[in-house]
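Inside the fold
Here's the letter readout for the chains.
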Number of protein chains: 2
Amino acid sequence: MRESQTAEMRPYHHGDLRRALVDAARRILEAEGPTALSLRAVAREAGVSPAAPYHHFKDKAELLDAVAQEGWEMLDAAMGKAMAEAEAPDKLTAIGISYVCFAREHPALYRVMYDAARDKADLPEEMHDNEDSPYCKVRDTMVALGADPGDAIDLELATSAAWCAAHGLAEMAGFKQFDHLKEALGGETPFLRAIFRHMGLSPLDRRR
Amino acid sequence: MRESQTAEMRPYHHGDLRRALVDAARRILEAEGPTALSLRAVAREAGVSPAAPYHHFKDKAELLDAVAQEGWEMLDAAMGKAMAEAEAPDKLTAIGISYVCFAREHPALYRVMYDAARDKADLPEEMHDNEDSPYCKVRDTMVALGADPGDAIDLELATSAAWCAAHGLAEMAGFKQFDHLKEALGGETPFLRAIFRHMGLSPLDRRR
DNA sequence: CAAGATATCTTTACGTCGTCCAGATATCGA
DNA sequence: TCGATATCTGGACGACGTAAAGATATCTTG
């Protein structure tokens, strides 16, 4: 429970500047958006000189990577909570909604996460490749709900399709063009649920 | 048929600098990516001073808006071509594939397009609101393929879902994580087709 | 056609940014 | 204890977005 850092009373070397920098970056991101997130602003917010971050991160991109990683962990937690709480018939939709809601509640952070991933054309393995990653958990949920685990390719396609659908929805749900649909359906969550119903989220819902 | 601009022989006022700036921006975008796209670099490429663009655009964002708008027009054309050529059973999938292929062939431009749109939370109306916009044409195609035009909300949901699906796929198809699926399915286009099959692109494919 | 009004472009300048380097200072290992 | 090492500061460099003032070409109007 470290208390806030007003650059007052810096005892020795600051303790854990790396931690403080990531926190500062997150604070700036939520308060002022991605355009205000400069390395110098982060250093300023943490109460150190503009060059100090370079002893903890190779460059700005590496700092953003650290911020993004915390974002992925938060997203993992949000999806895990939804997986634990949701019940069978709408389980996959509930997971998808938890995904989109996270992105909508932390738009700047979500943007940093995907910008970093896209630059490397690589999703973090704790999200996609690890055995307990959200990707694998969604895939296993699909099997638990009746998807055929024999056709491995098809199962991966279904999981990937669900992920792409959630991402696309997360990025587009904020556009004005959907306002009247949200209103007609009685709020953002019903809107998301209705859209997901058109996206074949569950293989159980699929034709053929 | 204006020949290339090597800053040589500038007759009077340059003729049409606005046009030249947008072209220069597009050239930089395709050759060096979005990070290299600075206002100064655009001016340099067009052979004018760093301040010259300010007589044609309020600021950098407005230049990017102009670039983005040309991108939307190109996307419109690509989708229109697919709509004209594709035949009934896979028509919607073919349109979706044309969308994703455009994004994959012009990744930097596609990024500029959506960055600009997201900043305003507004899709360009020539894409979504106009009567002959791709959105409306996709919607009408759905009706032509058998969707119920009576349930207006549901029809809009289906169209929006298709759009979100295409966008999500466009943004994610480049990730390494999908390489083995593309390989297993014999290329990028079969991969896209297979994924779309899981995304309920057409209301005709839908359950219930 | 002359001459002022206007549009276009250049020059210069300011503040901010990412990053590097040389020094200062604090911690740690022998 | 003292040298090695890690951490932080200060100052500097070039690139950026943008504004202001001056130059130059076109347009308008008499």
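The rules behind each value
Residues numbered from 1 in each chain as written. Chains lettered and ligands numbered in written order. Predicted model: local features only at pLDDT ≥ 70, side-chain atom pairs only at ≥ 80, totals over all residues. Heavy atoms only, no water. Helix = DSSP H or I, 4+ residues; strand = E, 2+ residues; numbered from the N terminus. Buried < 20%, exposed > 50% of the residue type's maximum accessible area, 1.4 Å probe, protein only. Areas by Shrake-Rupley, 256 points an atom, 1.4 Å probe, with all protein chains shown as cover. Phe/Tyr/Trp six-rings, centres within 6.5 Å; stacked < 30°, edge-to-face > 60°. Polar contact = N/O pair within 3.5 Å; in protein donor to acceptor, adjacent residues only side chain to side chain. Contact = heavy atoms within 4.5 Å. Least-squares fit on C-alpha atoms with pLDDT ≥ 70 in both. Salt bridge = Lys/Arg side-chain N within 4 Å of Asp/Glu carboxyl O. Buried area = accessible area lost by both parts, 1.4 Å probe. Nonpolar A, V, L, I, M, F, W, Y, C, P; charged D, E, K, R; others polar.

Now for the overall build of chain A. Helix and strand content of chain A: 10 helices and zero strands. When the elements of chain A are put in sequence order from the N terminus, they spell out α-α-α-α-α-α-α-α-α-α. Counting the 208 residues in chain A, one finds 49% classified as buried. Only carbon and sulfur atoms are counted for the fraction: they give 50% of the accessible area of chain A, which is about 10,100 Å².

A word on the packing of aromatic side chains. For the coordinates displayed, the defined rule picks out 12 aromatic pairs over all chains. Both rings, one in Trp72 of chain B and one in Tyr114 of chain B, keep their centres 5.3 Å apart while their planes meet at 65°; by these two values the pair is edge-to-face. With Trp72 of chain B in helix α3 (residues 60–85) and Tyr114 of chain B in helix α5 (residues 107–120), this pair connects stretches of sequence that are 42 residues apart. Neither Trp72 of chain B nor Tyr114 of chain B differs from the other in exposure class; each is buried. Residues Tyr99 of chain B and Tyr110 of chain B carry aromatic rings whose centres are separated by 6.0 Å and whose planes lie at 85° to one another, so their mutual orientation is edge-to-face. Taken as a pair, Tyr99 of chain B in helix α4 (residues 91–105) and Tyr110 of chain B in helix α5 lie far apart in primary sequence, 11 residues in all. Tyr110 of chain B shares its class with Tyr99 of chain B; the two are buried. Through successive ring pairs, a cluster of aromatic residues spans Trp72, Tyr99, Tyr110, Tyr114 and Trp163 of chain A together with Phe175 of chain B.

A few words now on the side chain of His106 of chain A. Residue and element names in this part refer to chain A. Relative to the helices and strands, His106 resides in the loop between α4 (91–105) and α5 (107–120). Residue classification places His106 among the buried positions, given a relative accessible area of 18%. There is a polar contact of 3.4 Å between the side chain of His106 and the side chain of Glu30. Setting aside chain neighbours within four positions, we find His106 in contact with Glu30 and Met74.

Our next topic: the relation of the copies chain B and chain A. Least-squares fitting of chain B to chain A yields an RMSD of 0.0 Å, with the superposition described by an axial translation of 0.0 Å and a rotation of 180°. Given the turn and translation reported, the copies of this chain are related as if by a two-fold rotation axis. In terms of proximity to the rotation axis, the leading residue of chain B is Gly168 of chain B, whose C-alpha is 1.8 Å off the axis. Of the residues that chain B buries at the interface, 100% are likewise interface residues in chain A, meaning the two copies contact each other through the same surface.

With that out of the way, let us pick up the pattern of salt bridges. If you walk through the whole model with that rule in mind, you get 36 salt bridges over all chains. Ionic pairing is found between Asp76 of chain A and Lys137 of chain A, a salt bridge with its closest N-O pair at 3.7 Å. In this pair, Asp76 of chain A sits in helix α3 (residues 60–85) while Lys137 of chain A sits in helix α7 (residues 134–144), placing the two residues 61 residues apart along the sequence. The exposure class of Asp76 of chain A is partly exposed, given its relative accessible area of 22%. The class of Lys137 of chain A is partly exposed, set by a relative accessible area of 29%. The salt bridge involving Asp140 of chain B is made with Arg139 of chain B; its shortest N-O contact spans 3.3 Å.

Contacts between chain B and chain A engage 46 residues on the former and 46 residues on the latter. Carbon and sulfur atoms supply 62% of the area buried between chain B and chain A, which totals about 4,400 Å² over both sides. Among the salt bridges present, the one from Asp119 of chain A reaches Arg111 of chain B, with a minimum N-O distance of 3.6 Å. For the interface between chain B and chain A, the tally reads 16 residue pairs in polar contact (both at pLDDT 80 or more). If you list the elements that add at least two residues to the side of chain B that touches chain A, you get α5, α8 (152–172), α9 (179–185) and α10 (188–197) of chain B. Among the elements that make up the side of chain B that touches chain A, the one with the highest residue count is α8 of chain B (15 residues). Taken together, the residues of the side of chain B that touches chain A break down into 22 nonpolar, nine polar and 15 charged.

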